[in-house]
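Below, each chain spelled out in residue letters.
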Amino acid sequence: MDAVYGRQATTRDLIMESTLLSLLIWLPIFGGGLLILLGNERVTTARWVGLAISILVFVMSLSLWTGFDSSTHLMQFVEKSTWISQFNIHYHLGVDGISMPLIILTTFTTILVIGAGWEVIKKRPAHYIAAFLMMEGLIIGVFSSLDAILFYAFWEASLIPMLLIVGIWGGDNRVYAAIKFFLYTFLGSVFMLVSLIYMYNKGGSFSILDMHNLSLSATEQAWIFWAFFMAFAVKVPMFPVHTWLPDAHVQAPTGGSVILAAIMLKMGGYGFFRFSLPITPDASLQFSEVIIILSLIAIVYIGFVALVQRDMKKLIAYSSISHMGFVTLGVFALFLAYQPDNPEGALLGLEGAMVQMISHGFISAAMFLVVGVLYDRLHSREISTYGGVINSMPKFTGFAVLFAMANAGLPGTSGFVGEFMVILGAVQANIWYAVLAATTLIVGAAYTLWMVKRVFWGKITNPAVATLSDINTREFFILAILALAVLMMGLYPQPVIDAIHTSVNHLLQQALTSKL
Amino acid sequence: MNTFQFDTSSLLLAMPEIFLLSAIVVILLLDLFLTKPFKQVTYYLTQISLFITGILAFNLIGHPETIIFSNSFVLDDMASVFKVFMMGAAMVAMVYSRHYLTQHSLFQGEYFVLVMLSILGMMVMVSGYSLLTLYLGLEILSLSLYTLIAIARNRANAVEAALKYFVLGAIASGLLLYGMSMVYGISGSLNISEIATFANSATLASRETLILNFGLVFLVIGIAFKLGAVPFHMWVPDVYQGAPTSVTMFISTVPKLAAVAMLVRLLIDGLGAMQPYWSDLFMVLAVLSIALGSVVALMQTNIKRMLAYSTISHIGFVLLGFATGVISGYGAAVFYILVYVLMSLAAFGVIILLNKKGFEADSISDYKGLSSHSPWFALVMLAIMLSMAGVPPFIGFYAKLFILQQVISAGMLTVAIIAVVFAVISAYYYLQIIKSMYFEDADNDKAVVSAPMDMQLVLSINAILILVVGIFPDFWMKLALSLF
């Protein structure tokens, strides 16, 4: 305990240490339940209760950061008790450097989402907030579960609020998008379930950490690898199973898009970190080139697809897929980049993937919020509706341009750090991979800046744009907080890298140790 | 042949059955004398009788396995636990039925008497330890159900359903009886344990094995008919759709428990030695049921028909558990059927809840916009549908997990993959209901809930159980496993 806190541990610390993760998971879930019972009549109460819970959860999650011991890769804040003794299933929670930042990203984003939907959501506002709170709890559960079935339960359960968010509060074609989203991700996940059960039958344990040490033959690893791939690639999403994402994003309400891009996609990346690499290292090595090529297709081809979009949300959705390609590239390039005398390259790629996930969380959230602000005013996401927005919304344009720059990977913003690290890692793997990946700096800049040009600069072509009111204090705050996060990550990413370093390094060793 | 032994102390072990039979006789007579304003008395007496029968059965849990009445009746934990669950499910079903019957002017004393009679038949099936007792129980059950379906005698489709069920049920009984006669003919005994001894003996001539195998095939077909497994499922959708909804609910729940019990008695207790043979048959039936049930349900617009196909697919999962041929697999199957009964009761409960005078809420479009005027029951239906689709944290997921674990552990990975793929396909039609309730606006106010408080309360508890047992499934899994 002393080592963890660097000071004398008090009883309060001990209690916090052993229940903090449970509180983070169940407080928002029960809070959401409370809001459902409260009903949609008392709107103001619901909003404030929702905001209070999300802020409380965020503040509590910060003690994960402050109490975190970054010198070890071991799980911290561990809770373990028997859940289903029949199958040796435990309620087992814990975080390491890979999951901890993602949990804080989740709690952080939830506040913004509740803030962003404040006056905008007229239809069943209390249920809207409840859905996001429950979502928050479930996703924290995903990132902190150390038992495979517990993980799977949270993983699947998080589909339910998202299904409802898209289906109830979404656009005109919301039903199609919601059901497509649900079925795609559900189909991907069931194969993961089968392989988890397979490993349980082999090793007698559903503990993820035990699975890391389970010895598997090459064939078994190959099957399990692809089963995991189905689950995680759909979530990331990777080319060619990405098609649900533009639909879901376009139809989802702003908050839904933000959570989807900023957090749900990270569940896929997290899966590669937590399951694929350590459980099937040999298969990961064997198939790494396939995954790299799919990642490069995502980065380059989807980048070009983004270029031709007329709908802002679609553009950002495709840009999301392209940027998430860096995550899978960074993860799987490590096998090619690794040289025994110079392990830095592989580590850089893997850390870059992690940083890219966090940074993309901020930037995609910001971009969708920017579109949301415009949509709230003119109820259009078509780029052609706008033009010259800077004339009527100067403050807003300032933020929008900053986020666009970050999306394009401008140095000094968080977007640059992750991509740069991944590209550096990829250089060691194969220079051509790096060159191809680096083209995103051009294509990404092209589609982002072109959108900025057509929406914000130039003359006002649509008279409605002239009457737009600039962002209010609430919107200003939300965007300012995100701008701060993007800049801090961009200018001084060291604290994040320090926090993840030991765990990522340990993961690298696991991935490089053959199980055969 | 041994002579019939009768020991008065063994009557105590059949106390639940004896009590229920007496109650049926009393209620049947009493009902004749009740004038219209007092008809409700029958309902309350039924509930009380079922409750007391349940208590009597509950008290027998933990009693060491005893075979009484000249080896024709067995009392073990499986029998008692199944009886308790049957009473519980039947009581819930009666709460839901009462609302339906009053809404559709079908409230008659005979309804409750017939239900109790069919339950008596099921109890005999659960405890049957000779081929004759099992058959007797099955016929008491079936004859009561035929009549129950036809109770709405001025509805053409109800009469059609009853006739269909009667004809096909008679064929099924005939096939079962045919199989039983072969088994009896070759083994020379009606008694389950003697059949088991015969089938287990190492000195079976090839001719004897052949006839036993033939008998086995007919037994499996008979059971598959009763459970509604593909390809013996043809009656299921028509009967489900045609019968009054309260009867559909009853058919789709409690008798499934009895059919599973009969399966256990005949094939596991009796012909356990032939397990490799019937396992293979079950495997084929299970895969076909899961596949056809999932795919055909996609095209249904009538929710009762959709649930019929969904039942077929659930039965496939149950058979998959039995196909593994290991004790824990049987436990998984029993756990699944208990979970299925819980979910199915709730699903039909919601359908009945939305019934109004002369209006059956059985089209999927009737659920449009339910979430806006009745958010709680929309949430209830959401939980039921997701549970049926196998989405955690609802109980249906753990039932599927348990089955899949057993199937994979038995080395049948391909079958497990087929099962999960079809589970995803079936998720689509469960989503259709959710879509109607949440994503679409109501055409008019036809779905407003007007059910009495007791029904709303029981239905809410039923749905909450789907979640709570889902979060804490440990006890129920252990219970299901302890029965073998």
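Just so we're clear, the structure is a prediction, and the values are computed from it rather than from any experiment. (Residues numbered from 1 in each chain as written. Chains lettered and ligands numbered in written order. Predicted model: local features only at pLDDT ≥ 70, side-chain atom pairs only at ≥ 80, totals over all residues. Heavy atoms only, no water.)

### Some thoughts on the overall build of chain A
Convention followed: The helix and strand labels rest on DSSP assignments: H or I over at least four residues marks a helix, E over at least two residues marks a strand, and numbering proceeds from the N terminus. Any two residues whose heavy atoms approach within 4.5 Å are treated as being in contact. The method behind every accessible area is Shrake-Rupley, applied with a 1.4 Å probe, and residues are considered shielded solely by the protein chains displayed. Residues scored as positive are Lys and Arg, those scored as negative are Asp and Glu, and His as well as the terminal groups of each chain are ignored. Taken as the charge location is NZ of Lys, CZ of Arg, CG of Asp or CD of Glu.
If you tally the helices and strands in chain A, you get 24 helices and two strands. In terms of principal-axis extent, the alpha carbons of chain A reach across some 65 × 55 × 45 Å. Taking the intrachain contacts of chain A between residues at least 6 apart in sequence as the baseline, contacts between residues at least 24 apart amount to 82%. About 17,000 Å² of surface is accessible on chain A, with carbon and sulfur atoms providing 66% of the total. Computed over 25 positive and 27 negative side-chain charges, the separation of the two mean positions in chain A equals 13 Å.

### Observations regarding helix α17 (residues 344–378) of chain A
Residue and element names in this part refer to chain A. Our working definition: Any helix carries an expected span of 1.5 Å times its number of residues minus one. Throughout, exposure labels follow a simple rule: accessible area from a 1.4 Å probe, protein chains only, divided by the maximum for the residue type, with under 20% read as buried, over 50% as exposed, and the rest as partly exposed.
Across its 35 residues, α17 extends 49 Å between first and last C-alpha, which sits within 8% of the 51 Å expected from 1.5 Å per residue. Extensive coverage of α17 is indicated by the burial of 29 of its 35 residues. Trailing α17 by a residue or two, His 379 shows a phi angle of about 55°, which is positive.

### A few points about the interface of chain A and chain B
Operational definition: For any pair of parts, buried area is found by adding up, for both, the accessible area (1.4 Å probe) each one loses once the two are put together. Salt bridges are identified by distance alone: a Lys or Arg side-chain nitrogen within 4 Å of an Asp or Glu carboxyl oxygen. Think of a polar contact as two N or O atoms within 3.5 Å of one another; within protein, one of them needs to be a possible hydrogen donor and the other a possible acceptor, and neighboring residues in sequence only count if both atoms come from side chains. For this scheme, ten residues count as nonpolar: Ala, Val, Leu, Ile, Met, Phe, Trp, Tyr, Cys and Pro. Four count as charged, namely Asp, Glu, Lys and Arg, and the remainder, Gly too, count as polar.
The partner chain B presents 40 residues to the 35 residues of chain A that form the contact. Together, the buried faces of chain A and chain B total about 3,300 Å²; carbon and sulfur atoms form 82% of this surface. If you look at where chain A meets chain B, you find zero salt bridges. Applying the counting criterion to the chain A and chain B interface returns seven residue pairs in polar contact (both at pLDDT 80 or more). At the level of elements, β1 (76–84), α6 (148–157), α7 (159–169) and α8 (174–203) of chain A are the ones that each hand at least two residues to the side of chain A that touches chain B. The leading source of residues in the side of chain A that touches chain B is α8(A), at 16 residues. Looking at the side of chain A that touches chain B residue by residue, the class counts come to 27 nonpolar, five polar and three charged.

### A closer look at the packing of α6(A) against α8(A)
All names here are of chain A. Rules: For helices, the fitted axis covers only the stretch in contact; all axes are lines through C-alpha atoms, and the angles between them, taken along N-to-C directions, range from 0 to 180 degrees. Angular relationships are summarised with four words: roughly parallel below 35 degrees, roughly antiparallel beyond 145, roughly perpendicular across 65 to 115, and oblique for the angles in between.
At their nearest, the axes of α6 and α8 sit 11 Å apart, and the two run at 170° to each other. Regarding the angle of α6 to α8, the classification is roughly antiparallel. Across from Ala 148, Ile 149, Phe 151, Tyr 152, Trp 155 and Glu 156 in α6, the residues of α8 making contact are Phe 186, Ser 189, Val 190, Met 192, Leu 193 and Leu 196. The residue makeup of the contact of α6 with α8, split by class, is ten nonpolar, one polar and one charged.

### Observations concerning the pairing of strand β2 (residues 89–95) of chain A
Residues and elements named next belong to chain A. Defined as follows: Note on pairing: two strands pair once DSSP finds at least 2 bridges between them.
Of all seven residues that make up β2, seven are buried, and the element is covered over most of its length. Burial along β2 is two-sided: Ile 89, Tyr 91, Leu 93 and Val 95 and His 90, His 92 and Gly 94, pointing in opposite directions, are all buried. Pairing of β1 with β2 involves six bridges; the strand directions are antiparallel. Within the sheet, the bridge partner assigned to Thr 82 lies in β2 and is His 90.

### Describing the UniProt feature "domain: NADH:ubiquinone oxidoreductase chain 4 N-terminal" (unreviewed entry) in chain A
Rules: UniProt positions are given in the numbering used here, feature names are shortened, and annotations may be inferred rather than shown by experiment.
Per the UniProt record, the feature "domain: NADH:ubiquinone oxidoreductase chain 4 N-terminal" (unreviewed entry) sits at residues 71–135 of chain A. Annotated as residues 71–135 of chain A, this span is 45% helix and 25% strand, and its ends, taken at the C-alpha atoms, are 31 Å apart.

### Observations regarding the packing of aromatic side chains
Residue and element names in this part refer to chain A. Put simply, the rule reads: In this analysis, rings of Phe, Tyr and Trp, with Trp reduced to its six-membered ring, are considered paired at centre separations within 6.5 Å, and the interplanar angle assigns stacked below 30 degrees, edge-to-face beyond 60, and tilted for intermediate values. Geometrically, a charge over a ring is one whose NZ (Lys) or CZ (Arg) sits within 6 Å of the ring centre while staying within 35 degrees of the ring normal.
Inspection of every chain in the model, using the stated rule, returns 55 aromatic pairs over all chains. Ring centres of Trp 26 and Phe 30 lie 6.0 Å apart, and the angle between their planes is 40°; on these two criteria the pair is classed as tilted. In this pair, Trp 26 and Phe 30 are both assigned in helix α2 (residues 11–38), four residues apart and thus about one turn of the helix distant. Judged by its relative accessible area of 61%, Phe 30 falls in the exposed class. Three or more aromatic residues joined by ring pairs form one cluster here, namely Phe 151, Trp 155, Phe 225, Trp 226, Phe 228, Phe 229, Phe 232, Phe 272, Phe 275, Phe 287 and Phe 332. Above the face of the Trp 118 ring, Arg 47 is positioned so that its terminal group lies 6.0 Å from the ring centre. Stacked on the ring of Trp 155, the Lys or Arg Lys 235 has its end atom at 4.0 Å from the ring centre.

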